[in-house]
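# Working through the structure, step by step
Okay, here's what each chain looks like letter by letter:
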Amino acid sequence: MTTETILSGAAGGLESALPTTLFRFATAGSVDDGKSTLVGRLLHDSKAILADTLDAVARTSADRGFGGEKGGIDLALLTDGLRAEREQGITIDVAYRYFATDRRSFILADCPGHVQYTKNTVTGASTADAVVVLIDARKGVLEQTRRHLSVLQLLRVAHVIVAVNKIDLVDFSESVFRDIEADVQQVGRELGLGSDGISDLLVIPVSALDGDNVVERSERTPWYTGPALLEVLETLPAADELESHLESFRFPVQLVVRPQGALAPDAVAAGLDVEAYRDYRAYAGQITEGSVKVGDQVSVLTPGQAPRTTTVVGIDFAGKSLEEAAAPQSVAVRLADEFDVARGDTIAAAGTVCEATADLYAALCWLSPKPLREGQKVLVKHGTRTVQALVRSVSGKLDLASFKLEGASSLELNDIGHAQLRLAAPLPLENYLHHRRTGAFLVIDPLDGNTLAAGLVKDHPGDHEDERYSI
């Protein structure tokens, strides 16, 4: 099933009013690289700003002396909504914006650039089809740029676009741009960006303040013959389109739907046939990978139990029955056998899942000021299930200068490292390299519920000898 088909079903009666594809992208970069201004320029030049919002921003810009020439506006105010952000002129939290062109609809995440807010960049990029990394043309590639590119490589973001911003402040110099472009491509080769055959790396010169190469190609960069940023975003395939043929069906169960006929007064009030729903049983959730058809063989995965195989006999969506559904649709799946299936279980294509394991080997993006230590007890949230876990070892962290793993016994805030955890209950873990969604998890503090790290499942090395700790 194509993305167009999925979205047209989700939009209901709005198909004719909305673009046919949805694309998620995020911005990243160092402090003062112009991320919020770029986002504001995209929104402004694509005519995605309401008149009253634009008037309010213009008044604030005039009151604070922003915007350059008389009557100009500070475009960053379109996304920096927190009082602290406007006072300090920085982005602190992820700002989500929704806009559309005549070719596509977008969900945009404007992420902060400060090192201490790297965790927000991880959040914004984790669900993105593409990430636009900004670089100040006067500064070139910085450590934070290397950190962000490292995170994007770990997250397997499908499209990485590097926007060399403030090109107007270096007199639209081609040599400056080419030097930065060469540095970016070198970092990309060191990280292996694009080596998996899915991700790609593109470099574009832009001026977010003046709009050069943002929505339309600029005459002031005649040496650049590539597309403007919005042209790229409108034509890139979404991650689901790229990977749908590579991934097998995965469906974490969120809710068991059991109306039981006459016991559901809402169903009676809605005019539904009560008798038809007296024995109705379905499992609701979002398809995270692949697709499923009525008649497909699937396995129900419950921690601590052997996989149970059955057949899909129905797929329900918004009161309608479907013959087929695909990621990222949210549907209710009916099975031929009345197995005991609960929230936290996973329904997957039969014959495509490995044995559940309690040994978790992972790459971690550490997001907390609390350091990670060996022997520490944490919670691991994988899909819709949360289990206790114990940190057995920290094997190293990434050196941002060489992009090599160096020895370490702990992880600090913003470190990217490798660790081994022991789970209290086995989970159907899959390598993130091949399963972007089911191979991801969160590490949570069991005391206050705060997120400690974003984790990516790595290959199991087969070492089961160390059993020094018990949970």
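The preceding data block contains the structure.
Residues numbered from 1 in each chain as written. Predicted model: local features only at pLDDT ≥ 70, side-chain atom pairs only at ≥ 80, totals over all residues. Heavy atoms only, no water.

### With respect to the overall build of the protein
Quick note on the threshold: A helix here means a DSSP run of H or I that spans at least four residues, while a strand means a run of E at least two residues long, and both kinds are numbered starting from the N terminus. A simple rule labels every residue: compare its accessible area, found with a 1.4 Å probe on the protein chains alone, to the largest value its type can have, and call it buried under 20%, exposed over 50%, or partly exposed in between. Should any heavy atoms of two residues lie within 4.5 Å, those residues are considered in contact. Per-residue and other accessible areas follow the Shrake-Rupley method at a 1.4 Å probe size, with only the shown protein chains counted as cover for residues.
Each helix and strand counted, the protein has 10 helices and 25 strands in total. The buried share of the protein, reckoned over its 471 residues, is 51%. Sequence-distant contacts in the protein: of pairs separated by 6 or more residues, those separated by 24 or more amount to 71%. Carbon and sulfur atoms make up 50% of the accessible area of the protein, which totals about 21,400 Å².

### Observations concerning the packing of aromatic side chains
As a reminder of what qualifies: For this analysis, a ring pair means two rings from Phe, Tyr or Trp (six-membered ring only for Trp) whose centres lie within 6.5 Å, classed as stacked if their planes differ by under 30 degrees, edge-to-face if by over 60, and tilted for the remaining angles.
In total, this model carries seven aromatic pairs according to the counting rule given. Here phenylalanine 25 and phenylalanine 106 contribute two aromatic rings whose centre-to-centre distance is 5.8 Å and whose plane-to-plane angle is 90 degrees, an arrangement assigned as edge-to-face. Of this pair, phenylalanine 25 sits in strand E1 (residues 22-29) while phenylalanine 106 sits in strand E3 (residues 105-110), placing them 81 residues apart in sequence. On the basis of relative accessible area, phenylalanine 25 is assigned to the buried category, the value being 2%. With relative accessibility at 2%, the residue phenylalanine 106 sits in the buried group. With a centroid separation of 4.8 Å and an interplanar angle of 15 degrees, the aromatic rings of phenylalanine 99 and phenylalanine 106 are classed as stacked. Summarising the burial analysis for this pair, phenylalanine 99 and phenylalanine 106 share the class buried.

### A short note on helix H7 (residues 174-191)
Defined as follows: Expected span, for any helix, means 1.5 Å times one less than how many residues it has. Directions from the helix axis toward the C-beta atoms define the arc.
For H7, with 18 residues, the first-to-last C-alpha span of 26 Å sits near the 26 Å given by 1.5 Å per residue. Regarding H7, the residues found buried are Phe177, Ile180, Val184, Val187, Gly188 and Leu191. All buried residues of H7 lie within an arc of 100 degrees about the axis, which places them on one face of the element. Every exposed residue of H7 that faces more than 90 degrees away from the buried side is listed here: Asp179 and Arg189. Of the surrounding elements, those touching the buried residues of H7 are strand E4 (130-136), helix H6 (143-155), strand E5 (159-165) and strand E6 (200-205). Directly beyond the C-terminal end of H7, a positive phi value near 85 degrees is found at glycine 192.

### Overview of the pattern of salt bridges
Let me state the cut-off plainly: Whenever Lys or Arg places a side-chain nitrogen within 4 Å of a carboxyl oxygen from Asp or Glu, that contact is recorded as a salt bridge.
This model, assessed by the stated rule, comprises 19 salt bridges. The partner of arginine 334 in a salt bridge is aspartate 316, and the shortest N-O contact between them spans 2.9 Å. You can see arginine 334 sitting in strand E15 (residues 330-335) and its partner aspartate 316 sitting in strand E12 (residues 308-317), a full 18 residues away along the chain. Where aspartate 359 meets arginine 422, a salt bridge forms, and the shortest distance between an N and an O atom there is 2.9 Å. Residue aspartate 359 is found in strand E17 (residues 357-366), and its partner arginine 422 is found in strand E23 (residues 416-427); the two are separated by 63 residues along the sequence. With a relative accessible area of 3%, aspartate 359 lands in the buried category.

### Re the pairing of strand E19 (residues 377-382)
The side chains of a regular strand alternate, first on one face of the sheet and then on the other. Formally: Here, strands pair whenever DSSP counts at least two bridges between them.
Only one face of E19 is buried, namely the one carrying Val378, Val380 and His382, since none of Lys377, Leu379 and Lys381 on the opposite face is buried. Summarising the sheet, E19 and strand E20 (residues 385-399) pair through six bridges and their orientation is antiparallel. In the strand pairing of E20, lysine 381 is matched with threonine 386. Connecting E19 to the next strand, E20, in antiparallel fashion are two residues, including glycine 383 with a positive phi near 65 degrees. As defined by bridge partners, E19 adjoins strand E24 (residues 440-444) across three bridges and the pair is classed as antiparallel. Counterpart to leucine 379 in the pairing with E24 is isoleucine 444.

### Considerations on the nonpolar core
Definition in use: Think of a nonpolar core as a cluster: buried Ala, Val, Leu, Ile, Met, Phe, Trp, Tyr and Cys residues, connected wherever their side-chain atoms sit within 4.5 Å.
Counting 66 residues, the largest nonpolar core has Phe25, Leu42 and Val131 as the members making the most contacts within it. Among the elements that line this core, the one with the most residues is E4, at six residues. Those residues in contact with leucine 42 that sit more than four places away from it in its chain are Phe25, Leu108, Val214, Val215, Leu229, Leu230 and Leu233. Counting 23 residues, the second-largest nonpolar core is a separate cluster that includes Val380, Val387, Leu427 and Leu429.

### Structural notes on helix H2 (residues 35-45)
Of all 11 residues that make up H2, nine are buried, and the element is covered over most of its length. Within H2, burial applies to Lys35, Ser36, Thr37, Leu38, Val39, Gly40, Arg41, Leu42 and Leu43.

### Observations regarding empty space enclosed by the protein
Worth spelling out the cut-off: For each structure, a 1 Å grid was placed over the protein atoms alone; sets of points admitting a 1.4 Å probe that cannot get out are labelled cavities, open sets with protein on both sides within 12 Å along at least five of seven lines are labelled pockets, and lining residues have an atom within 4 Å of a point. Grid points are joined across faces, edges and corners, and a volume is the space filled by probe spheres set on the points. Polarity classes work like this: nonpolar for Ala, Val, Leu, Ile, Met, Phe, Trp, Tyr, Cys and Pro, charged for Asp, Glu, Lys and Arg, and polar for all others, with Gly in that last group.
The final tally for this structure, using the stated rule, is two cavities of 30 Å³ or more. Lining the largest cavity, in full, are Pro252, Leu301, Pro303, Gly344, Thr346, His382, Gly383, Thr384, Arg385, Leu427 and Pro428. Each residue belonging to the lining of the largest cavity can be placed in one class, and the counts come to five nonpolar, five polar and one charged.

### Structural notes on the sheet that holds E4
Note the following rule: Orientation is described by axes fitted as lines to C-alpha atoms, over the contacting stretch for helices, and by angles from 0 to 180 degrees between their N-to-C directions.
Spatial ordering of the open sheet is given by E2-E3-E1-E4-E5-E6, a layout of six strands whose pairing is mixed. Only two strands of the sheet have a single partner each, and these edge strands are strand E2 (95-100) and E6. Neighbour-to-neighbour, the strand axes of this sheet turn through a mean angle of 25 degrees, independent of strand direction. Its contacts with the sheet place H6 against E1, E4 and E5, and it is angled at close to 170 degrees to E4.

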